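Descriptive analysis of the structure
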Amino acid sequence: MASKLTQSNRAGWLFALPGFGLMVVFIILPFFFAISLSFTNQRLISPNPTEWVGLANYRQLLGMGMITLDAVTDESGQIVRDDTGAPTYPRLREYTRNNPDYPHLDGMKQWFSFGRGGEARTFVLARDLVFLTAVKNTVVFVLVVAPVQGGLALVLALLINQKLRGINIYRTIYFMPVVVSIVVVSLLWRFIYDGNNGLLNNILDFLSFGYFEPVNWLGNPKTAFGSIIGMSIWQAVGFHMVIWLSGLQTISPTLYEAAEIEGSSKWQTFRYVTWPGLRNTAILVLIVITMQAFGLFAQIDVMTNGGPLDSTQTIVFQAVERGYGKQDISGGSAISVLLFLIVLSISLFQRWLTRERT
Amino acid sequence: MALVTPENRGLRLVVRYTVLTIIAVIFCFPLVFMIMSSFKPSQQLLTDTGSLRAFLPVGDLSFDNYIEAFARAPIGLFVFNSMFVTGTTVILTLLICSMTAFSFVYLKWRGRGLVLSIILATLIVPFETIVIPLLLLASKLPWLGLHGIEWGWLNSYRVQIIPFVADGLTIFLFVQYFKDLPGELIEAARVEGASWPQIYRRIVMPLSGPVMATAAILKFLAMYNSYLWPLMVVQKEQYRPVMVGLQYFFQLNIAWGEIMAYLSLITVPVLAFYLLLQRAFIASIASTGVKG
Amino acid sequence: MKFLKLSAGAMALTAGLSGHAWAQTALTMWYHGAGNEVESQIINQIVSDFNASQSDWSVTLESFPQGAYNDSVVAGALAGSLPDILDVDGPVMPNWAWSGYMQPLQIDESVIANFLPGPKGYWDGKLYSIGLWDAAVALVTRQSYLDELGLRTPTLDQPWNAEEFQAALDAAKNSGKFDYALDLGTAWTGEWYPYAFSPFLQSFGGDIVDRSTYLTAEGALNGEAAMTFGHWWQDLFANGYAPATQDGADRDTGFANGKYAFSWNGNWAALGALSTFDDTVFLPAPDLGNGPKIGAASWQFGVSASSEHPDGASAFIQFALQDKYLADFSNGIGLIPATAAAAAMTENYKDGGPMAMFFGLTEAQALVRPVTPGYVVEAKVFEKALADIANGANVEDTLDAAVDEINADIERNGGYGH
């Protein structure tokens with residue numbers, strides 16, 4: 001960095017203006033536009049004029065309520081139980097639809113419930129169950145993918161870091177999925193995951209000598225999201241492997257020699273020599289993976305459309321479906337703003353977590 | 001390391017190569033499937049997925065799928081559109097982002113810190129957050145065309161290029177790189193009376209090969225593979241890029257063979273490009289990791 | 001004098017030579033047939049015939065893939081760059097008319113007097129769009145399957161009732177010959193779901209929205225009839241009669257490969273079934289309590305609101321309504337031509353033709369999807385509800401949630417003009 005900088009306002013602004021100007025117009029402006037849209041009821045195209053509705057969109061997305069109910073009892077005061085022996089509770093429908101005593105619960109659906117000791121149960125309700133499921137799924141995706149993909153990439157990098165003949169061929173192959181479009185990857189994996197005749201089922205069947213029952217990977221709510229996670233990691237892990245690799249290769253070999261002289265085991269070498277040297281790389285990898293993971297959209301759009309039973313809903317998919325598909329731009333913008341807030345808090349949290357501790 | 005003896009050294013080598021190879025198979029089997037399937041008729045393709053035949057060039061092989069794919073959709077046009085949009089964006093990005101980074105690192109001007117912070121803050125704004133307002137904005141922007149002022153950028157090349165030219169990540173990469181360049185060169189040039197544009201053009205940019213390669217590769221991949229934005233803003237055939245062209249193949253009677261052919265056509269060039277330059281590819285991406 | 005005559009003659013000559021092109025006003029048109037060679041060929045033929053038949057207008061055609069077509073129109077409307085003529089999917093037309101993309105047609109209504117009701121697109125009392133064909137759905141099967149399973153062949157006058165339909169499914173399932181008894185086409189996500197499956201709901205007595213006011217779905221989509229439908233729908237999948245999730249390839253080839261005994265399919269796929277087996281039969285929809293119902297209305301032509309030449313656009317549309325073009329499309333893509341006269345000119349729909357019964361089927365059983373601008377959202381909500389129920393979600397809660405969403409959307413849009 002030049003130590004004798006002279007004040008050059010004009011040159012500075014001239015050089016920065018094209019780039020900064022473009023960013024203002026195409027990133028910052030739409031961002032504020034999104035925020036303001038979320039407070040209106042703007043539609044994509046409509047003869048009705050746009051009105052200011054304040055927090056109505058947010059209330060609809062995030063609205064929650066609670067109600068505690070006692071178990072159903074029959075005439076003699078005995079608790080009615082279902083087949084598994086658990087007490088049954090009155091249908092929430094009676095409280096959430098047209099019930100004048102509970103207007104704040106109108107239109108809500110059951111999210112989850114928990115018992116409070118005794119026979120009463122508290123039900124948590126939500127106004128937009130699909131959106132909250134999308135948030136949950138996206139957060140789960142990030143929490144699973146970040147360590148798994150980052151960790152897997154590190155393992156691969158360690159494997160590639162060996163001095164074997166032809167190791168570069170393997171490095172090339174491991175990186176290859178990264179250059180392929182996620183849309184292409186999604187279409188191919190649809191064939192692989194197919195429940196009836198899919199490649200994955202056939203391979204597993206072959207490997208287990210016929211014991212394996214075919215699974216409808218994308219059609220079963222329990223396996224759909226996991227399948228998407230697996231495929232996404234497959235596509236992106238090569239990229240982070242390369243970043244780890246470069247970090248590994250900057251660790252001074254003298255440190256390794258010193259460790260060998262002292263007779264440390266492989267694990268000790270890793271823990272005390274390799275890992276500390278990778279700290280900066282680790283931070284970079286973690287941050288990049290997290291940011292990318294929040295934008296999960298293309299795979300869902302091509303493979304599952306958010307189903308089955310909302311098990312693969314994500315925030316961005318909801319935003320696009322709401323704003324573009326259902327033409328409710330204000331709702332879509334509200335979701336986008338919420339996404340931004342979530343990403344902001346996570347990245348601030350990450351910065352705090354990885355700050356330099358002196 | 002203690003148990004490596006001359007006897008089991010060969011065995012260890014075999015084990016290592018086996019592990020590496022199994023992993024390699026996992027990474028390339030879908031692509032092999034795609035390319036093999038593109039030569040098979042649709043019916044056979046679908047039944048072959050039930051066995052290892054999916055990966056083998058067996059059965060009724062021909063170029064029919066490719067011929068029919070070309071008949072069904074103007075693939076050449078789509079590839080041209082994608083290449084044109086991607087190429088133009090990459091060139092403009094390198095130019096404008098490097099200029100912006102240059103101003104932060106070498107020039108002192110009022111507001112520099114604030115502007116840099118704002119630009120870095122946009123790294124947190126996911127594209128999907130702004131995609132819908134951006135759509136509305138793009139539909140209303142003016143443009144000075146051949147026939148005077150035209151309104152609305154939808155269905156054009158510019159809507160695919162201009163919003164993506166300036167992005168925080170590329171600027172960040174350039175800033176990090178410029179910070180590490182030796183300052184004495186710049187000082188010496190200033191002493192000799194060189195103007196800032198001359199310093200930019202004659203000194204800084206020629207030294208920026210590595211970061212330009214990295215930025216170009218990342219931008220190329222992002223633009224060529226982009227899906228959501230072109231889907232929303234380009235529907236007219238003339239300007240369609242390769243990803244939107246995929247829609248042509250999902251009519252009422254889906255021809256999977258043709259789809260495999262199309263996927264191969266749009267993926268193989270990038271793969272070939274990658275395989276030829278993979279050393280440079282990987283090296284330049286790796287270099288960002290260290291600096292980051 | 002001679003000079004004047006010469007120059008006058010020269011001027012007339014040049015005017016005559018260039019006048020033809022100079023007087024023709026250009027009209028733009030969007031069509032959803034890109035990627036579909038047969039449709040593209042026919043529509044191109046109509047365009048060139050029209051251009052050659054008169055000298056006032058010249059139409060240029062721009063093709064879009066069907067999947068992205070509706071989005072293209074919305075984007076075009078946003079940008080203010082819609083063409084003069086566009087085609088629109090029947091149930092979506094009210095939304096576009098209400099949103100201000102389209103204007104009423106200026107064609108002679110006597111021309112369409114003999115048209116089937118489905119292809120006629122009325123909104124707010126005015127004709128906004130007209131289609132060249134109608135689409136119908138039927139239960140495709142083979143006569144040999146019916147004979148083997150010992151089932152009565154239903155006719156238009158005497159379709160199967162709910163018990164007979166259930167018995168047919170049971171027979172197919174218990175025979176062990178088929179992977180599944182029924183192929184509903186759950187692979188075709190999108191407009192297929194409301195088009196093909198809401199008739200079942202309507203046959204039970206429910207509906208997507210209350211058609212007396214179009215302002216609420218309460219009672220229609222979550223009333224008793226709808227709940228019965230919901231449980232019936234869920235049982236189809238829970239008891240293994242039909243697959244809830246299906247791959248696109250399986251939908252295309254499953255019935256032809258003998259995986260399914262019955263296939264609930266539209267007549268655009270019928271041509272394929274006819275060529276695969278020699279004893280293909282098309283059965284009418286079962287009567288599940290409220291009369292047998294099938295969907296109606298397909299793609300139709302309309303004029304955009306921003307067009308400066310609605311008279312020319314309407315002239316083109318009227319030109320395209322000739323019987324010979326109706327027959328061309330029908331022969332090409334297998335759909336029902338809009339008039340009986342055109343049907344007589346086709347291979348499949350003339351008297352005794354293999355698909356002739358579809359013509360009667362449409363007349364007898366067709367019920368258009370709800371005619372309301374709110375349909376765009378209602379279709380998506382309905383599709384998701386059906387998919388969720390098929391995957392095992394609680395029927396009451398799902399239908400209630402769907403009703404809530406539809407009602408909220410109607411309210412947010414000020415009642416959509418009803």
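Just so you know, these numbers come straight off a predicted model, no measurement behind them. Residues take numbers from 1 onward in each chain, read along the sequence in its written order. A letter from A marks each chain and a number from 1 marks each ligand, given out in the order of writing. Per-residue local features of the predicted model are confined to residues with pLDDT of at least 70, and side-chain atom pairs are confined, for both listing and counting, to 80 or more; whole-chain, interface and lining totals are unaffected and use all residues. Think of the side-chain values as coming from all heavy atoms in the structure, minus any hydrogens and water.

In this section: the overall build of chain A. The helix and strand tally for chain A stands at 14 helices and three strands. For 358 residues, the compact-globule estimate of 2.2 N^0.38 gives 21 Å, and the C-alpha radius of gyration of chain A, at 27 Å, exceeds that figure by more than 25%. In terms of overall dimensions, chain A has C-alpha extents of about 80 × 70 × 45 Å along its principal axes. Whether a residue is buried, partly exposed or exposed follows from its accessible area with a 1.4 Å probe, protein chains only, as a fraction of its type maximum: under 20%, in between, or over 50%, in that order. With 358 residues in all, chain A has 52% of them scored as buried. Contacts between residues were defined by any pair of non-hydrogen atoms, one from each residue, lying within 4.5 Å. When contacts within chain A are restricted to residue pairs at least 6 apart in sequence, long-range pairs at least 24 apart make up 62% of them. By element, 61% of the accessible surface of chain A is carried by carbon and sulfur atoms, the whole surface being about 17,100 Å². By the counting rule applied here, Lys and Arg register as positive and Asp and Glu as negative, while His and the ends of each chain are not counted. Charge coordinates come from a single atom per side chain, which is NZ of Lys, CZ of Arg, CG of Asp or CD of Glu. Computing the positive centroid from 26 side-chain charges and the negative centroid from 22, chain A places the two 13 Å apart. Segments assigned H or I by DSSP are reported as helices when at least four residues long, segments assigned E as strands when at least two residues long, and all are numbered from the N terminus. Note that the radius of gyration is over C-alpha atoms, with the globule rule given as 2.2 Å times the number of residues to the power 0.38. Note on areas: Shrake-Rupley, 1.4 Å probe, and residue coverage restricted to the protein chains presented here.

Of the positions making up helix α12 (residues 323–333) of chain C, those classed as buried are Tyr325, Leu326, Ala327, Phe329, Ser330 and Ile333 of chain C. Downstream of α12 of chain C by one or two residues, Gly334 of chain C has phi in the positive range, about 85°.

What follows concerns the interface of chain C and chain A. How big an interface is tends to be reported as the loss of accessible area on association of its parts. Each partner contributes residues to the interface: chain C has 37 residues there, and chain A has 28 residues. For the pair chain C and chain A, the summed buried area comes to about 2,700 Å², and 45% of that belongs to carbon and sulfur atoms. Salt bridge criterion: a side-chain nitrogen from Lys or Arg within 4 Å of a carboxyl oxygen from Asp or Glu. Run the count over chain C and chain A and you get four salt bridges. Residues Asp310 of chain A and Lys384 of chain C are paired through a salt bridge, measuring 2.8 Å at the closest nitrogen-oxygen approach. In protein, a polar contact requires one atom able to donate a hydrogen and another able to accept it; more generally it is a pair of N or O atoms within 3.5 Å, and residues adjacent in sequence count only if both atoms are side-chain atoms. The tally of links between chain C and chain A comes to seven residue pairs in polar contact (both at pLDDT 80 or more). Looking at the side of chain C that touches chain A, the elements with two or more residues in it are α3 (66–79), α4 (93–99), α15 (375–390) and α16 (395–412) of chain C. Here the side of chain C that touches chain A gets nine residues from one element, more than from any other, and that element is α16 of chain C. A breakdown of the residues in the side of chain C that touches chain A according to their chemical character gives 13 nonpolar, nine polar and 15 charged. Once two parts are put together, the accessible area they lose, assessed with a 1.4 Å probe and summed over both, is termed the buried area. In the scheme used here, Gly and all other residues not listed as nonpolar or charged are polar, with Ala, Val, Leu, Ile, Met, Phe, Trp, Tyr, Cys and Pro taken as nonpolar and Asp, Glu, Lys and Arg as charged.

Of note, Leu309 of chain A is a non-glycine position whose phi angle comes to about 55°, a positive value. Here Leu309 of chain A shows up in the loop between α12 (298–303) and α13 (315–325). A relative accessible area of 29% places Leu309 of chain A in the partly exposed class. Residue Tyr214 of chain C is not a glycine yet carries a positive backbone phi of 60°. Structurally, Tyr214 of chain C can be placed in the loop between α7 (192–204) and α8 (224–238).

Okay, the packing of helix α1 (residues 9–37) of chain A against helix α5 (residues 112–121) of chain B next. A fitted line through C-alpha atoms serves as each axis, taken over the contacting stretch for helices, and the angle formed by two N-to-C directions is quoted from 0 to 180°. Packing of α1 of chain A against α5 of chain B leaves a shortest axis separation of 11 Å and a crossing angle of 40°. Comparing the axis directions of α1 of chain A and α5 of chain B gives the class oblique. In this structure, α1 of chain A crosses over α5 of chain B, and the sense of that crossing is left-handed. In this structure, α1 of chain A uses Trp13, Phe20, Met23 and Ile28 of chain A to contact α5 of chain B, whose residues at the interface are Val115, Ile118 and Ile119 of chain B. Here the residues of the contact of α1 of chain A with α5 of chain B sort into seven nonpolar, no polar and no charged. Small angles under 35 degrees read as roughly parallel and large ones over 145 as roughly antiparallel, with 65 to 115 read as roughly perpendicular and the rest as oblique. Crossings are assigned a handedness: left-handed for a near helix turned anticlockwise from the far helix by less than a right angle, right-handed for a clockwise turn.

Below, the discussion takes up the pairing of strand β8 (residues 137–142) of chain C. All names here are of chain C. Counting buried positions along β8 gives six out of six residues, so the element sits mostly inside the fold. For two strands to count as paired, DSSP must find a minimum of two bridges between them. As defined by bridge partners, β8 adjoins strand β10 (residues 260–266) across four bridges and the pair is classed as antiparallel. Its bridge partner lying in β10, Leu139 is registered against Trp264. As paired elements, β8 and strand β11 (residues 280–283) share four bridges and run antiparallel to each other. Residue Leu139 lies in a different strand from β11, and its bridge partner there is Leu283.

Here we take up the environment of Ile75 of chain B. Residue and element names in this part refer to chain B. By the secondary structure assignment, Ile75 is in helix α4 (residues 75–106). Judged by relative accessible area, Ile75 falls into the buried class, the value being 2%. A C-alpha to C-alpha distance of 14 Å links Ile75 and Lys236, two positions 161 residues apart in sequence. When residues no more than four places from it in sequence are discounted, the contact partners of Ile75 are Ala69, Phe70, Phe249, Tyr262 and Leu265.

All names here are of chain C. Pairing of aromatic side chains requires ring centres within 6.5 Å, counting the rings of Phe and Tyr and the six-membered ring of Trp. Pairs whose planes differ by under 30 degrees are stacked, by over 60 edge-to-face, and all others tilted. By the definition in use, this model includes 66 aromatic pairs over all chains. Here Phe197 and Trp233 contribute two aromatic rings whose centre-to-centre distance is 4.7 Å and whose plane-to-plane angle is 50°, an arrangement assigned as tilted. Pair noted here: Phe197 is in helix α7 and Trp233 is in helix α8, with a separation of 36 residues, a long-range link. Overall, Trp233 belongs to the buried group, its relative accessible area being 0%. One Lys or Arg, Arg142, reaches over the ring of Phe277 and ends 4.0 Å from the middle of that ring. We call a charge positioned over a ring when the NZ of a Lys or the CZ of an Arg lies within 6 Å of the ring centre and within 35 degrees of the ring normal. Between Lys173 and the ring centre of Tyr241, over which it is positioned, the NZ or CZ distance is 5.0 Å.

If you look at the interface, chain A gives 89 residues, while chain B gives 99 residues. Across the chain A/chain B interface, buried area totals approximately 8,800 Å², and carbon plus sulfur atoms make up 77% of it. For the interface between chain A and chain B, the tally reads zero salt bridges. In this assembly, chain A and chain B are joined by seven residue pairs in polar contact (both at pLDDT 80 or more). Considered class by class, the residues forming the side of chain A that touches chain B number 62 nonpolar, 21 polar and six charged.

Residue and element names in this part refer to chain B. A complete count under the given rule lists 16 salt bridges over all chains for this structure. A salt bridge links Glu258 to Arg72, with the nearest nitrogen and oxygen atoms 2.8 Å apart. Note that Glu258 is positioned in helix α14 (residues 256–276) and Arg72 in helix α3 (residues 64–72), a separation of 186 residues in sequence. Considered together, Glu258 and Arg72 belong to a single accessibility category, that of buried residues.

For the rest of this paragraph, the subject is the confidence of the model for chain A. Note that predicted coordinates carrying low pLDDT should not be read in detail. Counting all residues, the mean pLDDT for chain A is 82, and 96% of those residues have values of 70 or more. The secondary structure element of chain A with the lowest average pLDDT is helix α3 (residues 93–96) of chain A, at 74, and the one with the highest is helix α4 (residues 129–160) of chain A, at 90. Confidence scores per residue from the predictor, reported as pLDDT, run from 0 to 100.

The biggest cluster of nonpolar side chains holds 334 residues, and the ones touching the most others in it are Tyr174 of chain A, Phe178 of chain B together with Trp233, Phe262 and Trp264 of chain C. It is helix α8 (residues 221–249) of chain A that contributes the most residues to this core, 14 residues altogether. Here, the term nonpolar core denotes a set of buried Ala, Val, Leu, Ile, Met, Phe, Trp, Tyr and Cys residues that are joined through side-chain atoms within 4.5 Å.

With that settled, the discussion passes to the sheet that holds β8 of chain C. All names here are of chain C. What the four strands build is an open sheet, ordered β9-β10-β8-β11; its pairing is mixed. The sheet terminates laterally at β9 (180–183) and β11, the two strands that pair on one side only. Adjacent strand axes in the sheet meet at a mean angle of 25°, parallel and antiparallel pairs treated alike. Of the pairings in the sheet, the one linking β9 to β10 comprises three bridges and is parallel in character. Among the inter-strand pairings, Leu182 is bridged to a residue of β10, identified as Phe262. The sheet strands contacting helix α6 (residues 162–175) are β8, β9 and β10, and the helix crosses β9 at an angle near 130°. Across the sheet, α7 touches β8 and β10, and the angle it forms with β10 is around 110°.

Taking 1.5 Å per residue, 12 residues should reach 16 Å; helix α8 (residues 168–179) of chain B reaches 16 Å between its end C-alpha atoms and fits that length. Within the span of α8 of chain B, buried status applies to Gly168, Thr170, Ile171, Leu173, Phe174, Val175, Tyr177 and Phe178 of chain B. What a helix should span is 1.5 Å times the count of its residues minus one.

For the rest of this paragraph, the subject is the side chain of Ser232 of chain A. Residue and element names in this part refer to chain A. By the element assignment, Ser232 lies in helix α8. Looking at Ser232, the relative accessible area reads 7%, which means it is buried. When sequence neighbours within four positions are dropped, the list of residues in contact with Ser232 reads Phe141, Gln149, Leu296 and Gln299.

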